[in-house]
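Observations on the model geometry
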Amino acid sequence: MSDEYQALAEKSKSYLWNSFTQMQGYHEDQPIIIESGEGVKLRDVTGREFYDGVSSIWLNVHGHNVPELNQAITEQLGKIAHSTILGMANVPAIELAEQIARLTPDGLQKVFYSDSGATSVEIAIKMAFQYWQHRGKPEKQSFVTMNNAYHGDTIGAVSVGAIDLYHKAYSKLLFQSYRVEYPYCYRCPVGQELSSCAFACLQQVEHLLEEKGSEIAGFLIEPIVQGASGIITMPAGFLARLRELCTKHDVLMICDEVATGFGRTGKMFACEYDGVTPDIMCMGKGLTGGYLPVAATVTTDEVYDAFLGTYESKKTFFHGHSFAGNQLGCAVALENLKLFAERDLVNEVARKSAYLAERLQQFQELAHVGDIRQRGFMIGIELVRDKSTKEEYEWQEKIGLIVSRRACELGMIIRPLGNVVVFMPPLSSTEGELDAMIDILYQAVADITERGVQVRSETLPYGL
Ligand SMILES: *Cc1c(COP(=O)(O)O)cnc(C)c1O
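Residues numbered from 1 in each chain as written. Predicted model: local features only at pLDDT ≥ 70, side-chain atom pairs only at ≥ 80, totals over all residues. Heavy atoms only, no water.

**Re the overall build of the protein chain**
Looking only at helices and strands, the protein chain has 14 helices and 17 strands in total. Rg of the C-alpha trace for the protein chain: 22 Å, near the compact-globule value of 23 Å for 464 residues, within the 12% margin. Overall, the protein chain is about 65 × 60 × 45 Å in size when its C-alpha atoms are taken along their principal axes. Once local pairs closer than 6 in sequence are excluded, the contacts in the protein chain between residues at least 24 apart make up 72%. (Helix = DSSP H or I, 4+ residues; strand = E, 2+ residues; numbered from the N terminus. Rg over C-alpha atoms; globule rule 2.2 N^0.38 Å. Contact = heavy atoms within 4.5 Å.)

Written out as structure tokens, the structure is:
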């Protein structure tokens, strides 16, 4: 490794604490230090190149170093980088809000900006909570979430999170919310088969809302795909049933499209699969093409109007983040959306998803591939010790981690979720690039689960 690399690695060890990373062990090998990127590839300071197989954790849309996006930022920079959105507005923030309202399902009309997926969820929670106070139903205070939900890492978002590994340690810090099952059909929580179940797991939701609906403010849902739990896909029609139940029991439906939004599933928003309009929609990640931290919480006029009143009425939504409506971020988001239209990107993703599905068939032949789940460019491959019994690998075996490490050695960055190998290529990937990435993925899974190939180290680059 070069001197430059060594110097940076030393500094990294001295000063940097990485997200979701066990730092003990992380520095024992040679952590990847990225210097540049081009299209679907990342390049590190030593010149090694890697496919960005998880779109830099589900963000990237048009690839890296996209001339049009770069230019949108530079042009905006020549005018102004940032001014506040408290009590005033700015040009790109207004233009972007219009675009978001236009692209989201009919009825979603008002855009409240923030700077990360987690904050967009915090906002949804506070908005829903206060909405009911303004509507004269202050007893509606609780939230429903789905088992293994992930909505971000701030305290409110963690309170409606339900992944024990990430969330349990903080339980005393959190407000309580109700949990219902997500339709994890490969391991059905109520022991049914999808072909004959008639959504049996929905009965739990029905009962809960019948019994407690009058005290429930909102229901948080990762529509169509539950991401961080392991790319769990919802069967067709399920989300529409949830919409019906929320409406029936006067509960605000909050769809967290932070992961699924902006073409990722082969629709602009995943809600479109079931023709659903939520009361509140959260978005982030792909909104700026993965360039800058802009997020939004989008809602209906009905929710918005409940906050209207005189200054003295104190109905104002007292919430804001310093960088909300940031001009650079909004400018690049606008250009991102322009490229979506020019490149017919959502339809392209849908078309290439069918091709990906064909390529993924090949994985069925592998002895330890239990389930292959896909919606658009969101793919999860669940590895199992025994395919016939669905016996899981032990956590300590770090199977997903080791497969990801192998993929990294073979030239593609991926990051697992437990025993699920996650593949989320940038939406701009060509069929040729998808082929190359799938080949690496296949080899990595086969090498580790069948061929006894050893990785150089299993701690890196993930240090999990
Ligand atoms: C990533 C993600 C979040 C959190 O977004 P951040 O920008 O990381 O705070 C929230 N919800 C879902 C569904 C996500 O995938």
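**A closer look at a nonpolar patch on the surface**
A cluster of nonpolar side chains, namely Ile155, Tyr170 and Leu173, defines an oily patch on the protein surface of about 300 Å² accessible area. For Leu173, the position within the fold is in the loop between helix 7 (164–167) and strand 6 (178–180). (Patch = residues over 30% accessible without salt bridge, like charges linked within 9 Å, V, L, I, M, F, W, Y side chains within 5 Å. Areas by Shrake-Rupley, 256 points an atom, 1.4 Å probe, with all protein chains shown as cover. Salt bridge = Lys/Arg side-chain N within 4 Å of Asp/Glu carboxyl O.)

**Examining unusual backbone geometry**
Positive phi is not limited to glycine here, since Ile231 has a value of about 55 degrees. Along the chain, Ile231 falls in the loop between strand 8 (225–226) and strand 9 (232–233). Within the chain, Lys285 stands out as a residue other than glycine whose phi angle is a positive 20 degrees. Of note, Lys285 is situated in the loop between strand 11 (280–283) and strand 12 (295–300).

**Quick word on helix 11 (residues 327–342)**
The terminal C-alpha atoms of helix 11 lie 22 Å apart, and with 16 residues this matches the ideal 22 Å at 1.5 Å per residue to within 8%. For helix 11, a buried count of twelve out of 16 residues is recorded, marking the element as mostly surrounded by other parts of the structure. By the N-cap criterion, in which a side-chain oxygen at the helix start approaches the backbone nitrogen of a residue two or three places on, helix 11 is capped by Asn326, the distance to Leu328 being 3.2 Å. The positive-phi residue at the C-terminal boundary of helix 11 is Asp344, with phi of around 45 degrees. (Expected span 1.5 Å × (residues − 1). Buried < 20%, exposed > 50% of the residue type's maximum accessible area, 1.4 Å probe, protein only. Polar contact = N/O pair within 3.5 Å; in protein donor to acceptor, adjacent residues only side chain to side chain.)

**A closer look at helix 13 (residues 399–409)**
Burial of helix 13 is extensive: ten of the eleven residues sit out of reach of the surface. Buried residues of helix 13: Ile399, Gly400, Leu401, Ile402, Val403, Ser404, Arg405, Arg406, Ala407 and Cys408, and no others. Tucked inside the fold, the buried residues of helix 13 contact strand 3 (49–52), strand 14 (378–386), strand 16 (412–413), strand 17 (420–423) and helix 14 (431–449). Positive phi appears at Gly411, one or two residues downstream of helix 13, with a value of about 105 degrees.

**Regarding the state of the cysteines**
Across all of its chains, the model carries zero disulfides by this definition. We note that Cys246 lacks a disulfide partner, and the nearest cysteine sulfur, in Cys255, lies 8.2 Å from it. With no disulfide partner, Cys330 has as its closest neighbouring cysteine sulfur the one in Cys282, 17 Å distant. (Disulfide = S-S within 2.5 Å.)

**Some words on the nonpolar core**
Tyr113, Phe219, Leu242 and Phe363 are the most contacted members of the largest nonpolar core, which totals 97 residues. Top contributing element to this core by residue count: helix 14, with ten residues. When residues of this core are sorted by domain, at least three fall in each of domain 1 (3–62 + 344–449) and domain 2 (70–342). Leaving out residues up to four positions away in the same chain, Tyr113 has contacts with Ile85, Ala93, Leu96, Ala97, Ile100, Ile123, Val294, Ala295, Ala296, Ala324, Gly325 and Cys330. With 22 residues, the next largest nonpolar core counts Ile123, Trp132, Leu220 and Ile280 among its residues. (Core = buried A, V, L, I, M, F, W, Y, C linked by side-chain atoms within 4.5 Å. Domains from an automatic or database assignment.)

**Let's talk about the UniProt feature "binding site: pyridoxal 5'-phosphate" (unreviewed entry) in the protein chain**
Per the UniProt entry, the sites bearing "binding site: pyridoxal 5'-phosphate" (unreviewed entry) are Gly117, Ala118, Asp256, His321 and Ser322 in this numbering. With respect to the helices, strands and loops of the structure, Gly117 is situated in helix 5 (residues 117–134). Under the relative-accessibility criterion, Gly117 is labelled buried at 17%. Among all residues touching Gly117, those that are not within four sequence positions of it are His151, Val258 and Ala295. (UniProt positions renumbered as here; feature names shortened; annotations may be inferred.)

**Structural notes on the UniProt feature "modified residue: N6-(pyridoxal phosphate)lysine" (unreviewed entry) in the protein chain**
Within the UniProt annotation, "modified residue: N6-(pyridoxal phosphate)lysine" (unreviewed entry) is assigned to Lys285. Exposure remark for Lys285: the relative accessible area of 22% places this residue in the partly exposed category. Not counting residues within four places of it along the chain, the set of residues in contact with Lys285 comprises Ile57, Trp58, Leu59, Val258, Ala259 and Gly290.

**A closer look at the side chain of Gln130**
Checked against the element boundaries, Gln130 lands in helix 5. Gln130 sits in the buried class, given a relative accessible area of 16%. Within polar-contact distance, the side chain of Gln130 engages the backbone oxygen of Thr316 at 3.5 Å. What Gln130 contacts, discounting residues up to four positions off in sequence, is Phe307, Lys315, Thr316 and Phe317.

**Structural notes on empty space enclosed by the protein**
Evaluated as defined, the whole model comprises two cavities of 30 Å³ or more. The volume enclosed by the largest cavity comes to roughly 90 Å³. Surrounding the largest cavity, 15 residues form its lining, Cys185, Cys188, Leu194, Cys197 and Cys201 being those nearest its centre. Partitioning the lining of the largest cavity into residue classes produces 13 nonpolar, one polar and one charged. Looking at the second largest cavity, its volume works out to about 50 Å³. Forming the boundary of the second largest cavity are Trp58, Leu59, Asn60, Val61, Val258, Ala259, Gly261, Phe262, Arg264, Lys285, Gly286 and Leu427. Its residues assigned to classes, the lining of the second largest cavity shows seven nonpolar, three polar and two charged. (1 Å grid on protein atoms, 1.4 Å probe; cavity = no way out; pocket = protein on both sides within 12 Å on 5 of 7 lines; lining within 4 Å. Points joined across faces, edges and corners; volume = space filled by probe spheres on them. Nonpolar A, V, L, I, M, F, W, Y, C, P; charged D, E, K, R; others polar.)

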